[in-house]
Structures are given as structure tokens and as C-alpha cells.
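Tertiary structure, described
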Amino acid sequence: MNLLTVVTFLPVAGALALVVIPRGEAGQHRAVAFLFALATLLASIGLWAGFDSSAGAPEFQFEQMAPWMPSV
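This section reports on the structure supplied with the text. Keep in mind that what you see is a predicted model, and the values were worked out from it rather than measured.

In terms of regular secondary structure, the chain is built from 2 helices and 0 strands. With the C-alpha coordinates of the chain rotated into their principal frame, the extents come out at 55 × 40 × 15 Å. Taking all 72 residues of the chain together, 12% fall into the buried category. For the chain, restricting intrachain contacts to residue pairs at least 6 apart in sequence, the fraction spanning at least 24 positions comes to 47%. About 6100 Å² of surface is accessible on the chain, with carbon and sulfur atoms providing 70% of the total.

Before going further, it helps to examine the environment of A49. Along the chain, the position of A49 falls in helix α2 (residues 26-50). The class for A49 is exposed, based on a relative accessible area of 60%. Counting along the chain gives 47 residues from A49 to N2, while the straight-line C-alpha distance between them is 15 Å.

This paragraph deals with the environment of G46. Looking at the secondary structure, you find G46 in helix α2. Sequence separation between G46 and V72 is 26 residues; the distance between their C-alpha atoms is 35 Å.

Together, F34, L35, L38, L41, L42, I45 and W48 make up an exposed nonpolar region whose accessible area comes to about 770 Å². For L38, the position within the fold is in helix α2. Take L38: its relative accessible area is 34%, and that puts it in the partly exposed class.

Attention now moves to the packing of helix α1 (residues 3-20) against α2. Close contact between α1 and α2 brings their axes to 9 Å; oriented N to C, the two are set at 175°. One finds that α1 runs roughly antiparallel with respect to α2. Across the interface between the two elements, L3, L4, V6, V7, L10, P11, A13, G14, A17 and L18 from α1 touch H29, V32, A33, F36, A39, T40, A43, S44, G46 and L47 from α2. For the contact of α1 with α2, a count of residues per class yields 15 nonpolar, 5 polar and no charged.

For α1, with 18 residues, the first-to-last C-alpha span of 25 Å sits near the 26 Å given by 1.5 Å per residue. Taken as a whole, α1 has its buried residues at V7, L10 and G14. Elements in contact with the buried residues of α1: α2. Regarding α1, its N-cap is N2, as a side-chain oxygen of that residue lies 3.3 Å from the backbone nitrogen of L4 further along.

Thresholds, definitions, all that
Residues numbered from 1 in each chain as written. Predicted model: local features only at pLDDT ≥ 70, side-chain atom pairs only at ≥ 80, totals over all residues. Heavy atoms only, no water. Helix = DSSP H or I, 4+ residues; strand = E, 2+ residues; numbered from the N terminus. Buried < 20%, exposed > 50% of the residue type's maximum accessible area, 1.4 Å probe, protein only. Contact = heavy atoms within 4.5 Å. Areas by Shrake-Rupley, 256 points an atom, 1.4 Å probe, with all protein chains shown as cover. Patch = residues over 30% accessible without salt bridge, like charges linked within 9 Å, V, L, I, M, F, W, Y side chains within 5 Å. Salt bridge = Lys/Arg side-chain N within 4 Å of Asp/Glu carboxyl O. Axes fitted to C-alpha atoms, helices over the stretch in contact; angles between N-to-C directions. Parallel < 35°, antiparallel > 145°, perpendicular 65-115°, else oblique. Nonpolar A, V, L, I, M, F, W, Y, C, P; charged D, E, K, R; others polar. Expected span 1.5 Å × (residues − 1). Polar contact = N/O pair within 3.5 Å; in protein donor to acceptor, adjacent residues only side chain to side chain.

Structural data, given as C-alpha cells:
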């Protein structure tokens, strides 16, 4: 899986996880939110480490090509 996709959709997955967890302790929600935020941070550090600043012309370095609507 592309790391850019992980960084984009991991917070969404965290929000959905918070919706599914029953309202009990506030600490449980905070722990889940913290874990998803930490995972997003670690994935974005991977993007930062993989960035090549020595590229001559400005280019997209982390792009993902996927067919949006192949039937159209």
C-alpha cells in the first residue's frame, strides 16, 4: 500500500474507530485517538525521510495513479 494513502486515510480510520467504541471512559477514547495520531505521525515521517530534495525540477514524488471511474 502506498504510504501517501496511509497518511491520508489513517485519521479517517481513527475517527471511525472512535465512533464505534462505546461511550464509557474518556481515557479509552483518548488512548485510541492518540494511537491513531501517533501512527499517522510515524507514517508521515516515512514520507519525509523518503523525500528527495536534490531533484532538479519540482516534481511530484509521492503520487499514486489509480483509475477513478474506469467505466466512463
